Amino acid sequence: MNKKIAVLGCARDIARYLHNSMKTIKAITDMFEDYRIYIYENDSIDETNKILAEYQKNDSKIRVFSQRFLQQKYPYRTWRLGYVRGELKDRLIEDNFTPDYVIVLDLDDVGQYLTSAKNFINKALKLEQYWDGIFPHPTYDMWAYRTKNCKYNYWEVKNHFSKYFPGFKKDKYLNFLGGRRDLVPDNNGLCKVISSFNGIAIYKYNVYIKGQYSGVNNFFTMIKDVALRSRIMPEECEHVNFHRSLGENSKLMILYNCMYV
(Lines give C-alpha, C1' and ligand atoms only; values in the text may rest on other atoms or scores of the structure.)
Protein backbone atom coordinates (compact mmCIF):
# COMPACT_ATOMS: atom_id res chain seq x y z
CA MET A 1 0.00 0.00 0.00
CA ASN A 2 1.44 3.36 -1.01
CA LYS A 3 0.69 4.93 2.38
CA LYS A 4 2.55 5.61 5.61
CA ILE A 5 1.51 4.51 9.08
CA ALA A 6 2.48 5.28 12.68
CA VAL A 7 1.59 2.79 15.41
CA LEU A 8 1.41 4.10 18.99
CA GLY A 9 1.17 2.03 22.15
CA CYS A 10 1.61 2.17 25.92
CA ALA A 11 3.54 -0.49 27.83
CA ARG A 12 3.69 -1.38 31.48
CA ASP A 13 4.41 -4.89 32.80
CA ILE A 14 3.35 -6.58 29.57
CA ALA A 15 6.40 -8.77 28.97
CA ARG A 16 4.29 -11.91 28.62
CA TYR A 17 2.33 -10.33 25.76
CA LEU A 18 4.97 -8.28 24.01
CA HIS A 19 6.36 -10.74 21.48
CA ASN A 20 2.91 -11.58 20.12
CA SER A 21 1.83 -7.95 20.16
CA MET A 22 4.95 -6.96 18.23
CA LYS A 23 4.11 -9.65 15.67
CA THR A 24 0.75 -7.97 15.24
CA ILE A 25 2.41 -4.58 14.80
CA LYS A 26 4.87 -6.03 12.29
CA ALA A 27 2.00 -7.50 10.28
CA ILE A 28 0.28 -4.10 10.33
CA THR A 29 3.34 -2.12 9.26
CA ASP A 30 4.03 -4.63 6.47
CA MET A 31 0.78 -3.46 4.91
CA PHE A 32 2.21 0.02 4.32
CA GLU A 33 5.04 1.60 2.34
CA ASP A 34 6.68 3.20 5.38
CA TYR A 35 6.10 3.22 9.11
CA ARG A 36 7.20 4.26 12.57
CA ILE A 37 6.42 2.55 15.86
CA TYR A 38 6.24 4.61 19.06
CA ILE A 39 6.01 2.87 22.44
CA TYR A 40 5.98 4.61 25.81
CA GLU A 41 6.88 2.44 28.79
CA ASN A 42 6.54 3.44 32.41
CA ASP A 43 7.32 1.85 35.76
CA SER A 44 7.54 -1.78 34.61
CA ILE A 45 8.96 -4.27 37.09
CA ASP A 46 9.03 -7.23 34.70
CA GLU A 47 11.11 -7.68 31.51
CA THR A 48 9.13 -5.16 29.44
CA ASN A 49 11.99 -2.65 29.19
CA LYS A 50 14.55 -5.28 28.24
CA ILE A 51 12.35 -6.74 25.51
CA LEU A 52 11.53 -3.33 24.06
CA ALA A 53 15.22 -2.38 24.02
CA GLU A 54 15.96 -5.44 21.88
CA TYR A 55 13.24 -4.56 19.40
CA GLN A 56 14.46 -0.99 19.19
CA LYS A 57 18.04 -2.14 18.64
CA ASN A 58 16.98 -4.31 15.72
CA ASP A 59 14.68 -1.82 14.00
CA SER A 60 15.60 1.84 13.57
CA LYS A 61 11.94 2.72 12.99
CA ILE A 62 10.96 1.73 16.52
CA ARG A 63 11.07 4.51 19.10
CA VAL A 64 10.86 3.47 22.77
CA PHE A 65 10.47 6.01 25.59
CA SER A 66 10.55 5.21 29.30
CA GLN A 67 9.71 7.06 32.47
CA ARG A 68 9.95 6.15 36.15
CA PHE A 69 7.75 7.12 39.11
CA LEU A 70 4.87 8.28 36.95
CA GLN A 71 2.36 7.04 39.50
CA GLN A 72 3.67 9.52 42.02
CA LYS A 73 2.97 12.36 39.61
CA TYR A 74 -0.38 11.02 38.36
CA PRO A 75 -2.10 8.92 41.05
CA TYR A 76 -4.97 7.75 38.85
CA ARG A 77 -4.63 5.27 35.99
CA THR A 78 -6.47 7.31 33.36
CA TRP A 79 -4.47 10.39 34.28
CA ARG A 80 -1.30 8.42 33.60
CA LEU A 81 -2.68 7.04 30.37
CA GLY A 82 -3.75 10.50 29.26
CA TYR A 83 -0.26 11.80 29.93
CA VAL A 84 1.49 8.89 28.19
CA ARG A 85 -0.75 8.95 25.12
CA GLY A 86 -0.22 12.69 24.88
CA GLU A 87 3.53 12.16 25.06
CA LEU A 88 3.34 9.60 22.25
CA LYS A 89 1.41 12.04 20.09
CA ASP A 90 3.94 14.80 20.78
CA ARG A 91 6.89 12.53 20.00
CA LEU A 92 5.31 11.58 16.70
CA ILE A 93 4.88 15.25 15.77
CA GLU A 94 8.42 16.13 16.88
CA ASP A 95 9.84 13.31 14.76
CA ASN A 96 8.81 15.08 11.53
CA PHE A 97 7.36 11.83 10.27
CA THR A 98 4.00 12.61 8.71
CA PRO A 99 2.09 9.39 8.10
CA ASP A 100 -1.24 9.13 6.40
CA TYR A 101 -2.72 7.29 9.35
CA VAL A 102 -2.11 6.78 13.05
CA ILE A 103 -3.04 3.50 14.71
CA VAL A 104 -3.45 3.46 18.49
CA LEU A 105 -3.14 -0.12 19.69
CA ASP A 106 -3.26 -1.72 23.13
CA LEU A 107 -0.16 -3.86 23.60
CA ASP A 108 -1.44 -6.24 26.26
CA ASP A 109 -3.48 -9.35 25.48
CA VAL A 110 -5.72 -7.35 23.12
CA GLY A 111 -2.76 -6.57 20.87
CA GLN A 112 -2.22 -10.22 20.06
CA TYR A 113 -5.21 -10.54 17.75
CA LEU A 114 -3.30 -10.29 14.49
CA THR A 115 -6.00 -11.54 12.12
CA SER A 116 -8.64 -9.27 13.67
CA ALA A 117 -6.34 -6.26 13.37
CA LYS A 118 -5.53 -6.82 9.70
CA ASN A 119 -9.16 -7.53 8.86
CA PHE A 120 -10.33 -4.35 10.57
CA ILE A 121 -7.64 -2.20 8.94
CA ASN A 122 -8.31 -3.54 5.45
CA LYS A 123 -12.04 -2.93 5.73
CA ALA A 124 -11.61 0.50 7.32
CA LEU A 125 -9.23 1.82 4.68
CA LYS A 126 -11.66 0.95 1.91
CA LEU A 127 -14.03 3.45 3.52
CA GLU A 128 -11.51 6.15 4.44
CA GLN A 129 -13.42 8.95 2.75
CA TYR A 130 -16.18 8.60 5.35
CA TRP A 131 -14.20 8.83 8.61
CA ASP A 132 -11.61 10.82 10.54
CA GLY A 133 -11.28 8.12 13.18
CA ILE A 134 -12.64 4.59 13.06
CA PHE A 135 -13.07 1.76 15.56
CA PRO A 136 -14.13 -1.88 15.40
CA HIS A 137 -17.57 -2.94 16.53
CA PRO A 138 -17.46 -2.81 20.34
CA THR A 139 -17.39 -6.03 22.29
CA TYR A 140 -16.10 -5.09 25.73
CA ASP A 141 -15.01 -1.45 25.99
CA MET A 142 -17.97 0.38 27.48
CA TRP A 143 -15.53 2.68 29.31
CA ALA A 144 -14.53 4.35 26.02
CA TYR A 145 -17.94 4.15 24.35
CA ARG A 146 -20.07 7.28 23.95
CA THR A 147 -23.00 8.17 21.72
CA LYS A 148 -25.67 10.85 21.93
CA ASN A 149 -27.77 8.45 24.01
CA CYS A 150 -24.93 6.93 26.04
CA LYS A 151 -22.92 9.95 27.07
CA TYR A 152 -22.21 9.65 30.79
CA ASN A 153 -19.08 8.52 32.59
CA TYR A 154 -19.50 4.75 32.70
CA TRP A 155 -18.06 4.07 36.16
CA GLU A 156 -19.91 7.03 37.58
CA VAL A 157 -23.18 5.47 36.46
CA LYS A 158 -22.23 1.94 37.46
CA ASN A 159 -20.91 2.67 40.94
CA HIS A 160 -22.29 5.94 42.26
CA PHE A 161 -25.56 7.04 40.73
CA SER A 162 -27.80 4.94 42.98
CA LYS A 163 -26.39 6.77 45.98
CA TYR A 164 -26.03 10.30 44.66
CA PHE A 165 -28.76 10.34 41.98
CA PRO A 166 -31.53 8.01 43.19
CA GLY A 167 -33.92 9.19 40.48
CA PHE A 168 -31.61 8.12 37.66
CA LYS A 169 -32.70 4.89 35.96
CA LYS A 170 -29.31 3.24 36.14
CA ASP A 171 -30.34 -0.29 35.16
CA LYS A 172 -32.25 0.91 32.11
CA TYR A 173 -29.31 3.04 31.02
CA LEU A 174 -26.77 0.24 31.48
CA ASN A 175 -28.94 -2.24 29.62
CA PHE A 176 -29.28 0.20 26.74
CA LEU A 177 -25.55 0.86 26.79
CA GLY A 178 -24.61 -2.80 27.03
CA GLY A 179 -26.81 -3.70 24.09
CA ARG A 180 -25.38 -0.85 21.98
CA ARG A 181 -28.97 -0.28 20.88
CA ASP A 182 -28.25 3.10 19.35
CA LEU A 183 -25.77 1.70 16.80
CA VAL A 184 -27.56 1.94 13.47
CA PRO A 185 -25.23 1.35 10.52
CA ASP A 186 -25.52 3.36 7.32
CA ASN A 187 -25.18 1.89 3.83
CA ASN A 188 -21.42 1.56 4.36
CA GLY A 189 -21.79 -0.24 7.67
CA LEU A 190 -20.65 2.81 9.64
CA CYS A 191 -22.17 4.16 12.85
CA LYS A 192 -21.35 7.69 14.02
CA VAL A 193 -20.29 7.91 17.66
CA ILE A 194 -18.87 10.42 20.10
CA SER A 195 -16.18 7.97 21.21
CA SER A 196 -15.11 4.34 21.08
CA PHE A 197 -11.92 2.27 21.20
CA ASN A 198 -12.05 -1.50 21.86
CA GLY A 199 -8.30 -2.04 21.76
CA ILE A 200 -7.53 -0.39 18.42
CA ALA A 201 -8.33 2.81 16.54
CA ILE A 202 -7.27 4.32 13.22
CA TYR A 203 -7.09 8.07 12.68
CA LYS A 204 -6.16 10.31 9.81
CA TYR A 205 -2.93 11.96 10.86
CA ASN A 206 -4.02 15.55 10.19
CA VAL A 207 -7.01 15.03 12.49
CA TYR A 208 -5.24 13.02 15.16
CA ILE A 209 -2.58 15.64 15.89
CA LYS A 210 -5.26 18.22 16.75
CA GLY A 211 -6.52 16.21 19.73
CA GLN A 212 -5.62 16.49 23.41
CA TYR A 213 -5.61 13.55 25.81
CA SER A 214 -6.77 13.79 29.41
CA GLY A 215 -7.94 11.27 31.99
CA VAL A 216 -9.72 13.79 34.20
CA ASN A 217 -13.49 13.49 34.68
CA ASN A 218 -14.67 16.95 33.59
CA PHE A 219 -17.03 16.73 30.62
CA PHE A 220 -19.23 13.62 30.65
CA THR A 221 -20.08 13.75 34.33
CA MET A 222 -23.40 14.32 36.06
CA ILE A 223 -21.66 15.15 39.33
CA LYS A 224 -21.50 18.91 39.11
CA ASP A 225 -19.95 19.37 42.56
CA VAL A 226 -16.23 19.41 41.69
CA ALA A 227 -15.11 18.49 45.20
CA LEU A 228 -17.48 15.51 45.32
CA ARG A 229 -16.50 14.41 41.83
CA SER A 230 -12.80 14.59 42.60
CA ARG A 231 -13.38 12.42 45.64
CA ILE A 232 -15.62 9.67 44.28
CA MET A 233 -14.93 9.61 40.52
CA PRO A 234 -11.96 11.69 39.37
CA GLU A 235 -11.28 9.52 36.31
CA GLU A 236 -12.58 9.52 32.75
CA CYS A 237 -11.46 7.31 29.88
CA GLU A 238 -8.65 9.18 28.14
CA HIS A 239 -10.02 8.18 24.73
CA VAL A 240 -13.36 9.85 25.52
CA ASN A 241 -11.72 13.17 26.36
CA PHE A 242 -9.43 12.91 23.33
CA HIS A 243 -12.34 12.35 20.97
CA ARG A 244 -14.25 15.23 22.52
CA SER A 245 -11.27 17.50 21.87
CA LEU A 246 -11.44 16.73 18.13
CA GLY A 247 -14.70 18.69 17.92
CA GLU A 248 -18.29 17.78 17.23
CA ASN A 249 -17.74 17.91 13.48
CA SER A 250 -15.13 15.15 13.49
CA LYS A 251 -16.28 11.98 11.77
CA LEU A 252 -15.79 9.24 14.35
CA MET A 253 -17.23 5.93 13.20
CA ILE A 254 -17.68 2.37 14.39
CA LEU A 255 -17.33 -0.21 11.63
CA TYR A 256 -20.38 -2.34 12.26
CA ASN A 257 -20.03 -6.13 12.38
CA CYS A 258 -16.25 -5.91 12.26
CA MET A 259 -15.24 -7.28 15.63
CA TYR A 260 -11.85 -6.97 17.24
CA VAL A 261 -11.18 -9.83 19.69
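No experiment lies behind these values; they were computed from the predicted model shown.

Caption draft 1: Structural view of unusual backbone geometry. A positive phi angle is found at Asp 43, which is not glycine, with a value near 60°. Mapped onto the elements, Asp 43 comes out in the loop between β2 (34-42) and α2 (48-58). Residue Asp 43 is classed as buried on the basis of its relative accessible area, which comes to 14%. At Asn 257, a position not held by glycine, the phi torsion is positive, near 60°. Its place among the elements puts Asn 257 in strand β8 (residues 252-259).

Caption draft 2: Structural view of the pairing of strand β7 (residues 200-204). Within β7, five of the five residues are buried, which leaves the element mostly enclosed by the surrounding structure. Of the two faces of β7, the one carrying Ile 200, Ile 202 and Lys 204 and the one carrying Ala 201 and Tyr 203 are both buried. One ladder, built from five bridges, connects strand β4 (residues 101-105) with β7; its direction is antiparallel. Within β7, the residue paired with Val 102 across the bridge is Tyr 203. In this sheet, β7 lies alongside strand β5 (residues 133-137) in antiparallel orientation, the contact comprising two bridges. If you follow Ile 134 over to β7, its bridge partner there is Ile 202.

Caption draft 3: A look at the packing of helix α6 (residues 154-164) against helix α7 (residues 170-178). Here α6 crosses α7 at 160°, and the two axes come no closer than 10 Å. In terms of orientation, α6 lies roughly antiparallel with respect to α7. With respect to the hand of their crossing, α6 and α7 are arranged in left-handed fashion. Contacts between α6 and α7 involve Tyr 154, Val 157, Lys 158 and Ser 162 from the first element and Lys 170, Tyr 173, Leu 174 and Leu 177 from the second.

Caption draft 4: View of the sheet that holds strand β1 (residues 4-11). A sheet is described by the order of its strands in space; here eight strands give the open sequence β3-β2-β1-β4-β7-β5-β8-β6, paired in mixed fashion. This sheet does not close on itself; its edge strands, each paired only once, are β3 (62-67) and β6 (190-192). Averaged over all neighbouring strand pairs, the angle between strand axes comes to 20°, with direction disregarded. Where β1 and β2 come together, eight bridges link them in parallel fashion. Residue pairing for β2: Ile 5 is matched across the bridge by Tyr 35.

Caption draft 5: Fine view of the nonpolar core. With 43 residues, the main nonpolar core has Leu 8, Tyr 38, Leu 92 and Tyr 208 as its most contacted residues. The greatest single-element share of this core, amounting to five residues, is contributed by helix α4 (residues 77-94). Contacts of Tyr 38, omitting those with residues within four sequence positions, involve Ala 6, Val 7, Leu 8, Gly 9, Arg 63, Phe 65, Leu 88, Arg 91, Leu 92, Asp 95 and Phe 97. Ranked by size, the runner-up nonpolar core spans 39 residues in total, among them Ile 39, Leu 105, Ala 117 and Met 253.

What counts and what doesn't
- Residues numbered from 1 in each chain as written.
- Predicted model: local features only at pLDDT ≥ 70, side-chain atom pairs only at ≥ 80, totals over all residues.
- Heavy atoms only, no water.
- Helix = DSSP H or I, 4+ residues; strand = E, 2+ residues; numbered from the N terminus.
- Buried < 20%, exposed > 50% of the residue type's maximum accessible area, 1.4 Å probe, protein only.
- Pairing = 2+ DSSP bridges.
- Axes fitted to C-alpha atoms, helices over the stretch in contact; angles between N-to-C directions.
- Parallel < 35°, antiparallel > 145°, perpendicular 65-115°, else oblique.
- Left-handed = near helix turned anticlockwise from the far one by under 90°.
- Contact = heavy atoms within 4.5 Å.
- Core = buried A, V, L, I, M, F, W, Y, C linked by side-chain atoms within 4.5 Å.

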